[in-house]
Amino acid sequence: MSTPPSDPHIVSLVLQSKKALQDGEKICLRANELSTASAQTSVDVFILDAKVRWITDNVLEQLELAASVAKSIEEKRTKLNKQVQDWDNLRNKQTKALDKILDELGSQRVPPDFYLTSAASSIFGSQESEAQVTSRQANGLSALSRSPSDTIQVPQPKPPSDRKKWKTLRDFVDDQAIEEIFEGMEQDHRIVEDILCRTDEYSEKLNTAIRSISDFLPENTPPPSIEQLITGQDSAQVGMAGHLESLAAHYDQMGNALRESEAGDAFSEDDLQDMNRDTEELPSILSELEDNLRFVTITHEQLCQIRDTNQEHLKRLSSVLDELDELGDIMMDMLQTQETVESECEDQFTEMQRRLLTVEDLQQRFISYQTAFRKLILEIARRRVYKEAAENIVRGMMDQLTAMTEEERQVREHFNREHGAHLPEDLCLCISNLPTKWEISSWAGENLESLPDIPTDMVTEARNYVHRTEPPAVINGTESL
């Protein structure tokens, strides 16, 4: 049977089949090359990814260590600042207490008789006014003299009656020494603040560097699964192999048909339609091969991109490691400086604590000073009672002796008038003697004791204060007087 003129020629079908097979082989060959390259690239990806992860993990560990160092420095700074704050609070408390007792001393008036005396008998020691020193030196008395003439009183002006003009206990306090102590405490505070300032920005600098390095680290985004990519690529190649086998089988079939045609065999209409239909499917098969090739190519490009990204990450991590080494050196310097600061602060705290003890001691001394002055007032008042009682006794004895002597004189005169004329003159010559007159004076000619004049209200105030602050005590002496 002859072939209809409208049917495709078998030779043309063979050529189309051959061309399709050749194109399919090229596509598969390219896919195979890409697959082989992808396999090597995937190995490189695994190696690079392992390096990136290992370095990143180590960097993160170092950053955690740096963060702990920053936290440690900040905690130590906070502890030192707390010590300074505690000291400052205690200083303010003790300073207020000292100011309070000084104000009380400033409100406690001192009677002029207590300090308008010679230095030798001053109850406050050598605290003389400049006028007194000048007056004493003008009379030829040296400030260091121990001559008995020092007890000679230089005539003093009459004490002022206006109590506002009287001195206070505060006038006998060395304000300059107290001011020097306060200035020393303030200087100590400035010194320790200057020491602490050396590490003010350490924690912030470390945390800033840590954030900078951490932000520069590669993003920890999970890459596509290499196994899935390779598996998908293999699946595509398996499909391509099947398509290539179909192309080869179709080409063999068409070659056989060509040989049979050349041998004079004729094909039926159905056979020609089947061959035409199979030939028309070749473009769709090639299209599927190209789609698979594109998939393999995309997979290969993804693997290459992952590899290139990891290589960039390694380059970035190299600079990160350099910055990390620099940060390590900075941390070592910071830690050494922090140790030095702590040592210097401890030494300074010792000095600051010593000054606090000095202020506390001053406060107690001034409290004792105030209490002793009030007791001094009571002691002077007691001595005045004793002095007046003793003088009253002496005056009474003098009056009694004078009366006895006068009575004796009168008795003797009466005896002499009645019996003296009848007695020989040379008999008992003492009969005409007058009675002995008596005089009571201080021992060995000592001067009479002179006591300061104290207003009654000050004595009452001092007695009330002592009774409020101290339990009653048995006092030996002339208190009952």
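Naming follows an unreviewed UniProt entry, where the protein appears as Autophagy-related protein 17 of Lentinula aciculospora. The heading Function (unreviewed entry) in the UniProt record of the protein holds the text "Autophagy-specific protein that functions in response to autophagy-inducing signals as a scaffold to recruit other ATG proteins to organize preautophagosomal structure (PAS) formation. Modulates the timing and magnitude of the autophagy response, such as the size of the sequestering vesicles. Plays particularly a role in pexophagy and nucleophagy."

*Asks:* Can you explain the packing of aromatic side chains? Please cite residues and give values.
*Replies:* Under the criterion given, the structure shown has two aromatic pairs. Measuring from ring centre to ring centre gives 5.9 Å for F114 and F373, while their planes differ by 55 degrees; the resulting arrangement is tilted. In this pair, F114 is assigned in the loop between α1 (10-107) and α2 (130-138) and F373 in helix α7 (residues 282-419), connecting sequence segments 259 residues apart. You'll find F114 and F373 in the same group, each marked buried.

*Asks:* Run through the packing of α1 against α7, naming residues and quoting values.
*Replies:* α7 packs onto α1 with a crossing angle of 10 degrees between their chain directions and a minimal axis gap of 4 Å. The pairing of α1 with α7 is recorded here as roughly parallel in orientation. In terms of residue class, the contact of α1 with α7 is made up of 51 nonpolar, 20 polar and 14 charged.

*Asks:* Go over a nonpolar patch on the surface, please, and point to the residues and values.
*Replies:* On the surface, I393, V394, M397 and I440 cluster together into a nonpolar patch covering about 310 Å² of accessible area. Looking at the element boundaries, M397 is found in helix α7. Taking relative accessible area as the criterion, M397 reaches 39% and is therefore assigned partly exposed.

*Asks:* Which residues make up helix α3 (residues 175-197), and what values go with them?
*Replies:* Counted at 1.5 Å a residue, the expected span for α3 with its 23 residues is 33 Å, and the 33 Å between its end C-alpha atoms agrees. Taken together, the buried positions of α3 are I178, I181, G184, M185, D188, H189, V192, I195 and L196. Turning to α3, the residues buried within the fold contact α1 and α7. The N-capping residue of α3, defined by a side-chain oxygen 3.3 Å from the backbone nitrogen of Q176, is D174.

*Asks:* Tell me about unusual backbone geometry, residues and numbers included.
*Replies:* Here C428, not a glycine, exhibits a phi torsion of approximately 55 degrees, which is positive. Structurally, C428 can be placed in the loop between α7 and α8 (456-469). You can call C428 partly exposed: its relative accessible area is 42%.

What counts, and where the lines are drawn
Residues numbered from 1 in each chain as written. Predicted model: local features only at pLDDT ≥ 70, side-chain atom pairs only at ≥ 80, totals over all residues. Heavy atoms only, no water. UniProt positions renumbered as here; feature names shortened; annotations may be inferred. Phe/Tyr/Trp six-rings, centres within 6.5 Å; stacked < 30°, edge-to-face > 60°. Helix = DSSP H or I, 4+ residues; strand = E, 2+ residues; numbered from the N terminus. Buried < 20%, exposed > 50% of the residue type's maximum accessible area, 1.4 Å probe, protein only. Axes fitted to C-alpha atoms, helices over the stretch in contact; angles between N-to-C directions. Parallel < 35°, antiparallel > 145°, perpendicular 65-115°, else oblique. Nonpolar A, V, L, I, M, F, W, Y, C, P; charged D, E, K, R; others polar. Patch = residues over 30% accessible without salt bridge, like charges linked within 9 Å, V, L, I, M, F, W, Y side chains within 5 Å. Areas by Shrake-Rupley, 256 points an atom, 1.4 Å probe, with all protein chains shown as cover. Salt bridge = Lys/Arg side-chain N within 4 Å of Asp/Glu carboxyl O. Expected span 1.5 Å × (residues − 1). Contact = heavy atoms within 4.5 Å. Polar contact = N/O pair within 3.5 Å; in protein donor to acceptor, adjacent residues only side chain to side chain.

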